Amino acid sequence: MLSRRSFVGALPVASSLAAGSQGGEPESPQRKAMEAMLAAAPKAEADPERPVYHFHPPTNWNNDPNGTIFYKGWHHLFYQLNPYGSLWGNMHWGHARSRDLVNWEHLPIAIWPSAAGENAIFSGGAIMGADGRPRVFYTSIGRAQPEQWMAVPTDDELIGWEKPDFNPVLTQSAHGGQTVSQWRDPFLFREAGAAYMVCGGNGGRSEGGSGQVHLYRAENEELSRWRHMGAVFEYRDRETYNIECPNLFKLDGKWVLLISPHRPCEYFVGSLDLARAKFTPESHGVLDAGDAYASNISVDGKGRTILWLWGRTNLPAERGWNSVMVMPRILSIGADGFLRQLPAPEFESLRGKEKTLPAGPLPESPLVLDGVGGDALEVEAEFSGGGAAAFGFEVRRSEEGNPAAVVAIERGTLAVGSARTYLGRVDRYRMRLFVDKACLEVYVNDGLAALYSPLAATPKDQGFAVFSRAGGSRGAGARLEAFRAWPLRPAMFDLSRFKL
Ligand code: FRU
């Protein structure tokens, strides 16, 4: 058999694999990384607390969703991957695809540090090219300053990627004399016939108050030349020193800006003046008050705007895996001008036998529900609050009565562990809850609140209870108005194409 080097040398088209492409190395870093993952996979697979329907890599560490795009009938998900361990480091782009947002095919690692001087592939986004094929953009780390690079697919399954010789497509010099600190995470969109990119960073004031989102416009169809338009958004918030992973996109006739400010992501709904490069917010909220971070966006064949988020699990290195993707969420803007997020309805395909409970008042002490529970579960419930101080569910309760998480509505606020998000004082609270081994998601009142949280439970903790605490002099506890629950089957994670 020919070695990779002599094979490449023998090809008349060897120039397509010249410096700048990803393919020419004799000891392919891609192969090495994938072999390391396959060797580590059995350990991760054997962990009884590994989620079964939240997307996760074959093994080891993931963080941000990258380059999310719907193309030729497939949802493509790239993601920040450490192939060599289950803590952050060695950033590559992992890749998987799905027809239904639930069941996945793992594909070969898509992008890895390959060019001279490159040692990590940080986050980025995708956009359709003028030739009808996607392009991805990412932050290349390794030189004195981060650079924005582009990669081009070599096939319609988006398995092979090349980095054209014209890279980098953007460097700090685009900002004139100014330096944007922590400049990274390109996100792309098209509007009125032009292609745009935003990147996050900050204006260098270490005391805070200068998190920035910068806007660039493509100057050619190839998307290889870009012009800086200005800071489309500056967050004059003392608590914010930097912005990561900005997403700027149109939704229901408005513009939405998502930011990752080194604490829970926030959203702004507003308007965008592209000529002046200014985004003006009209409403603002926390995207997810739990442990989700680093958003990305895609628009699918049905025109749905899909939100992707990294879900932390905060595990020690010995577990052999760490983190998931939050269930993809469908976004819309409510009549009140605030964002709504609902889990993709495709997850209903995992439901087992339905269990219902009759409506009625709730008892004071937690009531363990017979026939409801387990570690892969969906619950849909409706409460009327009365004067109750708090009501809700205990999740993955041990036999001794200790829950891994309490999901409560307390005086108009959703509380999951220490995470809190305000819902308002209303008559009815409709809650949807998803338990998946070490992960929990809660959605309230048609997606007004959405919250992802890791769960620390042991395999024995399978109980599920409902509770209500009366509100002192104001009297009555809460009532359960409706209740349905389903055990959820595992989704499919197919490894058969995770090979070269
Ligand atoms: C967000 C982030 C990005 C960066 C990537 C590196 O979680 O810090 O800003 O590109 O992760 O893995």
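Predicted, not measured: the structure shown is a model, and the values here were computed from it. (Residues numbered from 1 in each chain as written. Predicted model: local features only at pLDDT ≥ 70, side-chain atom pairs only at ≥ 80, totals over all residues. Heavy atoms only, no water.)

Helix and strand counts for the protein come out as two helices and 36 strands. Seen through its C-alpha atoms, the protein measures out along the principal axes to roughly 80 × 55 × 40 Å. Classification of the 500 residues of the protein by burial places 60% in the buried group. Taking the intrachain contacts of the protein between residues at least 6 apart in sequence as the baseline, contacts between residues at least 24 apart amount to 59%. (Helix = DSSP H or I, 4+ residues; strand = E, 2+ residues; numbered from the N terminus. Buried < 20%, exposed > 50% of the residue type's maximum accessible area, 1.4 Å probe, protein only. Contact = heavy atoms within 4.5 Å.)

On to the packing of aromatic side chains, then. Taken as a whole and judged by the stated rule, the model has 25 aromatic pairs. A cation sits over an aromatic face here: Arg97 above Trp74, 3.6 Å from the ring centre. Taking the ring centre of Trp310 as reference, the NZ or CZ of Arg312 above it sits at 4.5 Å. (Phe/Tyr/Trp six-rings, centres within 6.5 Å; stacked < 30°, edge-to-face > 60°. Lys NZ or Arg CZ within 6 Å of the ring centre and 35° of its normal.)

Before going further, it helps to examine helix H2 (residues 29-45). Relative to the 24 Å expected for 17 residues at 1.5 Å per residue, H2 spans 24 Å between its end C-alpha atoms, a close match to the ideal helical length. Considering bend angle alone, the principal kink of H2 is centred on Ala39 and spans about 35°; proline Pro42 follows within four residues of it. Buried within H2 we find Gln30, Ala33, Met34, Met37, Ala41 and Ala44. The inward-facing, buried residues of H2 contact strand S2 (74-82), strand S3 (92-98), strand S4 (104-111) and strand S19 (321-322). Of the residues that open H2, the one with a side-chain oxygen 3.1 Å from the backbone nitrogen of Gln30 is Ser28. (Expected span 1.5 Å × (residues − 1). Bend = angle between axes of the 7 residues up to and from the residue. Polar contact = N/O pair within 3.5 Å; in protein donor to acceptor, adjacent residues only side chain to side chain.)

With that out of the way, let us pick up the pairing of strand S10 (residues 194-202). Burial of S10 is extensive: nine of the nine residues sit out of reach of the surface. Here S10 shows no split at all, with Ala194, Tyr196, Val198, Gly200 and Asn202 on one side and Ala195, Met197, Cys199 and Gly201 on the other all buried. With seven bridges joining them, strand S9 (residues 181-191) and S10 adopt antiparallel strand pairing. When the sheet's bridge partners are listed, Ser181 is paired in S10 with Asn202. Between S9 and S10, which pair antiparallel and follow one another directly, the connecting turn spans two residues, one of which, Ala192, has a positive phi of 45°. Relative to strand S11 (residues 211-218), S10 runs antiparallel, the two sharing seven bridges. Pairing of Gly201 across the sheet is with Gln212, part of S11. (Pairing = 2+ DSSP bridges.)

Now for the sheet that holds S11. One open sheet holds the four strands; their spatial order is S9-S10-S11-S12, and the pairing between them is antiparallel. Where the open sheet ends on each side, the last strands, each with one partner, are S9 and strand S12 (226-235). Put simply, the sheet's adjacent strands are angled 25° from each other on average, direction ignored. (Axes fitted to C-alpha atoms, helices over the stretch in contact; angles between N-to-C directions.)

The strand order across the open sheet formed by four strands is S5-S6-S7-S8, and the pairing between neighbours is antiparallel. Edge positions in the sheet fall to strand S5 (120-128) and strand S8 (161-162), since each of these pairs with one other strand and no more.

Surrounding the ligand, one finds 13 residues, the nearest of these being Asp64, Gln80, Arg184, Asp185 and Glu244. Here an oxygen atom of the ligand and a side-chain polar atom of Asp64 are 2.8 Å apart. Contact between the ligand and Trp88: an oxygen atom at 2.9 Å from a side-chain N or O atom of the residue. Against a free-state accessible area of 320 Å², the protein chains account for coverage of 92% of the ligand. Of all the elements in the fold, those that place two or more residues in the shell around the ligand are strand S1 (60-71), S5, S9 and strand S17 (292-299). (Near = heavy atom within 4 Å. Areas by Shrake-Rupley, 256 points an atom, 1.4 Å probe, with all protein chains shown as cover.)

Looking at the protein as a whole, its pLDDT mean stands at 93, while 94% of the residues score no less than 70. Per-residue pLDDT stays below 50 along residues 1-20; that stretch engages in 17 contacts with residues further than four places along the chain or on separate chains. (pLDDT = per-residue confidence, 0-100.)

Of the consecutive residues Asn167 and Pro168, the connecting peptide bond is found in the cis state with omega at -5°. You can see Pro168 is positioned in the loop between S8 and S9. A positive phi angle, near 65°, is found at Asn60, a position not held by glycine. In this structure, Asn60 sits in strand S1.

Turning our eyes to something else, we now look at the environment of Ala39. Tracing the backbone through its elements, the reader meets Ala39 in helix H2. With 20 residues separating them along the chain, Ala39 and Thr59 place their C-alpha atoms 9.3 Å apart.

In this structure, Trp74 sits in strand S2. Exposure remark for Trp74: the relative accessible area of 14% places this residue in the buried category. When the C-alpha positions of Trp74 and Gly301 are compared, they lie 9.1 Å apart, and in sequence the two are 227 residues distant. Contacts of Trp74, omitting those with residues within four sequence positions, involve Ile69, Arg97, Ser98, Arg99 and Glu105.

Core analysis: the largest hydrophobic core is formed by 47 residues, its most contacted members being Phe189, Val232, Phe233, Leu248 and Phe279. In terms of residue count, the dominant contributor to this core is strand S14 (residues 254-260) (five residues). Among residues more than four places away in sequence, those in contact with Leu248 are Phe187, Phe189, Val198, Val232, Trp255, Val256, Leu257, Leu272 and Phe279. Formed by 35 residues, the second largest nonpolar core is a distinct cluster that contains Leu377, Ala388, Leu433 and Ala485. (Core = buried A, V, L, I, M, F, W, Y, C linked by side-chain atoms within 4.5 Å.)

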